[in-house]
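# Structural overview for review
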Amino acid sequence: MKPLLERNEHFARTYTPVPLGLPAAQVLVVTCLDHRVDPAIVLGLQLGDAPVIRNAGGRVTQAVIDDIAFLAFLAGQLFGRQGPADTLFEVAVVHHTQCGTGFLADPDFRRRAAEATGVPEATLDASAVADPHLTVKTDVERLLASPLLSPKVSVSGHVYDIATGRVTTTVEARHP
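Read on for a plain summary of the structure. Values in this document were obtained by computation on a predicted structure and should not be read as measured data. (Residues numbered from 1 in each chain as written. Predicted model: local features only at pLDDT ≥ 70, side-chain atom pairs only at ≥ 80, totals over all residues. Heavy atoms only, no water.)

## Things to note about unusual backbone geometry
A positive phi angle is found at Gln-26, which is not glycine, with a value near 50°. The residue Gln-26 is located in the loop between α1 (2-13) and β1 (27-32) in this model. Of note in this structure, Gln-98 is not a glycine but carries a positive phi near 55°. Relative to the helices and strands, Gln-98 resides in the loop between β3 (89-96) and α4 (107-117). (Helix = DSSP H or I, 4+ residues; strand = E, 2+ residues; numbered from the N terminus.)

As structure tokens, this is what we get:
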């Protein structure tokens with residue numbers, strides 16, 4: 001951690017705080033925690049542009065839905081009149097190729113992972129990203145179907161290709 005704290009010292013010397021407000025890009029990104037998928041770099045985000053939720057596979061879990069529901073409530077309460085009347089923000093679900101969760105599609109690997117972690121096999125199976133174009137569509141539909149999603153939040157789906165560095169849109173943004 002020492003080299004990272006040294007980098008932070010450099011950052012802090014030129015840091016300007018971002019005031020609480022709507023994110024500049026009016027996008028919330030849900031993506032994988034894989035170290036090769038840094039949304040700030042991949043999407044060119046700057047501090048204050050977008051909140052980012054990361055988990056294994058970038059999957060839309062109940063915890064992710066709960067976080068998005070709270071953020072939509074907060075944005076509506078604090079800043080509802082600052083943006084367009086019909087939209088608070090867009091949720092961009094971004095899966096990627098070569099995802100390590102793809103190994104969970106293999107029943108033997110999944111069984112061993114469940115034994116080692118205590119996470120139920122069904123949960124691990126649901127988090128596998130073997131085909132990101134398919135799983136991102138599934139996750140967009142899951143989020144759009146949630147009764148917790150504000151009608152003022154739109155959802156889109158994208159795939160980041162590890163080999164090329166390109167992000168392509170799989171599901172265009174739409175409201176519930």
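## Some details on the nonpolar core
Grouped together as the largest cluster of nonpolar side chains are 22 residues, with contacts concentrated most on Ile-68, Phe-89, Val-91, Leu-143 and Val-155. Per-element accounting of this core gives the leading share, five residues, to helix α3 (residues 62-79). If sequence neighbours within four positions are ignored, Val-155 has contacts with Val-91, Val-93, Val-140, Leu-143, Leu-144, Leu-149, Glu-172, Ala-173 and Arg-174. Counting seven residues, the second largest nonpolar core, distinct from the first, contains Leu-45, Ala-50, Tyr-160 and Ile-162. (Core = buried A, V, L, I, M, F, W, Y, C linked by side-chain atoms within 4.5 Å. Buried < 20%, exposed > 50% of the residue type's maximum accessible area, 1.4 Å probe, protein only. Contact = heavy atoms within 4.5 Å.)

## Points about the pattern of salt bridges
Taken as a whole, this structure holds seven salt bridges when the rule is applied. For Asp-139, the salt bridge identified is with Arg-59, shortest N-O distance 2.7 Å. In this pair, Asp-139 sits in helix α6 (residues 132-145) while Arg-59 sits in the loop between β2 (52-55) and α3, placing the two residues 80 residues apart along the sequence. Here Asp-139 falls in the buried class, since its relative accessible area comes to 3%. A relative accessible area of 8% places Arg-59 in the buried class. A salt bridge links Asp-108 to Arg-111, with the nearest nitrogen and oxygen atoms 2.5 Å apart. With a gap of three residues between them, Asp-108 and Arg-111 both fall in helix α4, about one helical turn apart. A relative accessible area of 33% means that Arg-111 is categorised as partly exposed. Sharing partners across several salt bridges, the network here consists of Asp-108, Arg-111, Arg-112 and Glu-115. (Salt bridge = Lys/Arg side-chain N within 4 Å of Asp/Glu carboxyl O.)

## What about the pairing of β2?
A one-sided burial pattern is seen for β2, the buried positions being Ile-53 and Asn-55 and the unburied ones Val-52 and Arg-54. With four bridges connecting them, β1 and β2 associate as parallel partners. Bridge pairing links Thr-31 to Arg-54 in β2. (Pairing = 2+ DSSP bridges.)

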